[in-house]
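# Breakdown of the fold
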Amino acid sequence: MQAASKIRQLICDFGFNIQTDNKNELHDLTYKKIRKLYPEFPSALIQTSRDVAIEALKKDKLGRKIKVKQMSALRYDKRCLRVSFEHKFISISTIRGRIKLNFGTNKQLNRYIDWKPKAGMLIYRNNNLFLNVVVEKEKPIIQQATAKDVLGIDRGINNILVCSNNQFFNSKDLKRVKGKYQYLKRVLQSKGTKPAIKRLKLISGKETRFVTDVNHRLSKAIAESDFKVFAFERLSRMTKKSNGKRFNRMLGNWSYNQFELFLSYKAEALGKQIVKVNPRYTSQKCSNCNTIKKTNREGSWYSCGCGFQLHADLNASRNIANLGISEISRLFVNQPKVTTI
Ligand SMILES: [Zn+2]
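Just so it is clear, the model here is predicted, and its values are computed rather than measured. (Residues numbered from 1 in each chain as written. Predicted model: local features only at pLDDT ≥ 70, side-chain atom pairs only at ≥ 80, totals over all residues.)

## Examining the domain arrangement of the protein chain
Annotation of the protein chain at the domain level lists domain 1 (2–74), domain 2 (76–122 + 132–136) and domain 3 (147–333). A C-alpha centroid distance of 25 Å is found between domain 1 and domain 2. With nine residues of domain 1 at the interface, the matching set in domain 2 holds nine residues. The biggest single contributor to the side of domain 1 that touches domain 2 is helix 3 (residues 43–59), with three residues. Partitioning the side of domain 1 that touches domain 2 into residue classes produces seven nonpolar, one polar and one charged. (Domains from an automatic or database assignment. Contact = placed C-beta atoms within 7 Å. Helix = DSSP H or I, 4+ residues; strand = E, 2+ residues; numbered from the N terminus. Nonpolar A, V, L, I, M, F, W, Y, C, P; charged D, E, K, R; others polar.)

## What about the sheet that holds strand 3 (residues 89–94)?
Reading across the sheet, the three strands line up as 2-3-4 and stay open at both edges, with antiparallel pairing between neighbours. Edge strands, defined here as strands with exactly one partner in the open sheet, are strand 2 (81–84) and strand 4 (97–102). For this sheet, the mean angle separating the axes of adjacent strands, direction not counted, is 15 degrees. Both strand 2 and strand 3 contribute to a ladder of four bridges, which runs antiparallel. Across the sheet, residue Val83 finds its bridge partner in strand 3, namely Ile90. (Pairing = 2+ DSSP bridges. Axes fitted to C-alpha atoms, helices over the stretch in contact; angles between N-to-C directions.)

## Some remarks on the packing of helix 5 (residues 172–191) against helix 6 (residues 194–223)
Packing of helix 5 against helix 6 leaves a shortest axis separation of 9 Å and a crossing angle of 165 degrees. On the basis of their axis angle, the class for helix 5 and helix 6 is roughly antiparallel. The interaxial crossing formed by helix 5 with helix 6 has left-handed handedness. On helix 6, the residues touching Leu174, Val177, Tyr181, Leu184, Lys185, Leu188, Gln189 and Lys191 of helix 5 are Ala196, Arg199, Leu200, Ile203, Glu207, Phe210 and Val214. Looking at the contact of helix 5 with helix 6 residue by residue, the classes come out as 10 nonpolar, one polar and four charged. (Parallel < 35°, antiparallel > 145°, perpendicular 65-115°, else oblique. Left-handed = near helix turned anticlockwise from the far one by under 90°.)

## A look at helix 2 (residues 23–37)
An ideal rise of 1.5 Å per residue puts 21 Å on 15 residues; helix 2 measures up with 20 Å between its terminal C-alpha atoms. Its maximal kink placed at Thr30, helix 2 deviates by approximately 40 degrees. All buried positions along helix 2 are accounted for by Leu26, Thr30 and Ile34. Summarising the contacts, the buried residues of helix 2 are in contact with helix 1 (2–17) and helix 3. (Expected span 1.5 Å × (residues − 1). Bend = angle between axes of the 7 residues up to and from the residue. Buried ≥ 20, exposed ≤ 12 C-beta atoms within 10 Å, placed from the backbone.)

## Overview of the pairing of strand 11 (residues 273–277)
The two faces of strand 11 differ: Gln273, Val275 and Val277 on one face are buried, but Ile274 and Lys276 on the other face are not. Strand direction decides the pairing type here: strand 10 (residues 229–233) and strand 11, joined by five bridges, are parallel. For Ala231, the partnering residue across the bridge sits in strand 11 and is Val275.

## Some points on the nonpolar core
Core analysis: the largest hydrophobic core is formed by 30 residues, its most contacted members being Val150, Leu151, Ile153, Val229, Phe230, Ala231 and Ile320. Elements with a contribution of two residues or more to this core: strand 7 (150–154), strand 8 (159–163), helix 6, strand 10, helix 8 (256–269), strand 11 and helix 9 (312–333). Counting residues per element, this core draws most heavily on helix 9, which supplies eight residues. Setting aside residues no more than four positions away along its own chain, Val150 makes contact with Ala145, Phe227, Val229, Ala231, Ala321, Gly324, Ile325 and Ile328. Core analysis: the second largest hydrophobic core is formed by 21 residues, Leu10, Ile34, Leu45 and Val68 among them. (Core = buried A, V, L, I, M, F, W, Y, C linked by C-beta atoms within 7 Å.)

Put into structure tokens, the structure is as follows:
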């Protein structure tokens, strides 16, 4: 990793000095030199290091000199890394040749047993080496769905999510924990001392991991439910739905986008679909008779002239589900009908 960082530095310096991020040009200019300096360094790793260096040069548009950290993460591809989940070993290129390492197993790993390892990233942190493995799997066939398979999902105010099947995901825990972190962060920020800043960083990391964990659990529960199509509103309505500053501070940071991303890939892996619908009027429309009337909604309650009454977020999630249903039937109708004559 030390050698790789130096190689990357060398390529970055060359690129910056002669103002190029062209792959072939940089290869011609640096490859022989690198080979001479690091004769034992695997050539496949020179190539991945060069790719990473070029990405850094491109990102900065050659605008500044790049400083590569010592022991930077090292990218591996198929040529320099082999991972077998079945036989529980990795074979990895190093400066001292190829080495084979066995590993144990755990529940987390078993979930990917039928996935194909594709690439990896070697990371050095807290005196340990970690290998992040990128895995891939072919998309499963999309499950056929009818109206009853569509779940509408809305973001509530007092609930994180409200689903059209009357399921409410409560945000008490999230509010409590986020509130605690917000308080700690404010205290530490006002202190401003070096240890306080260190603590602040630690707490921010903890908070991020907490939210990620909540999102993983939520999206897993929903993806694995009996529904086959998940309908959302297309745009963020979070700000519009704000319920005062306090709420925004508490839940504004709740990463809804991350939730959507997690649900999307978890659903996709199961052959389920995500449908994004137009958010217009979803909270003003009656999900029973389709009348649109703003004043029908009062706080968290929706009541229509047709006699229909419901929790406002639930009413909105049912509208989202209905829009999702028309969307999937439209997709179905637009599929070509092949007739042989
Ligand atoms: Zn109505």
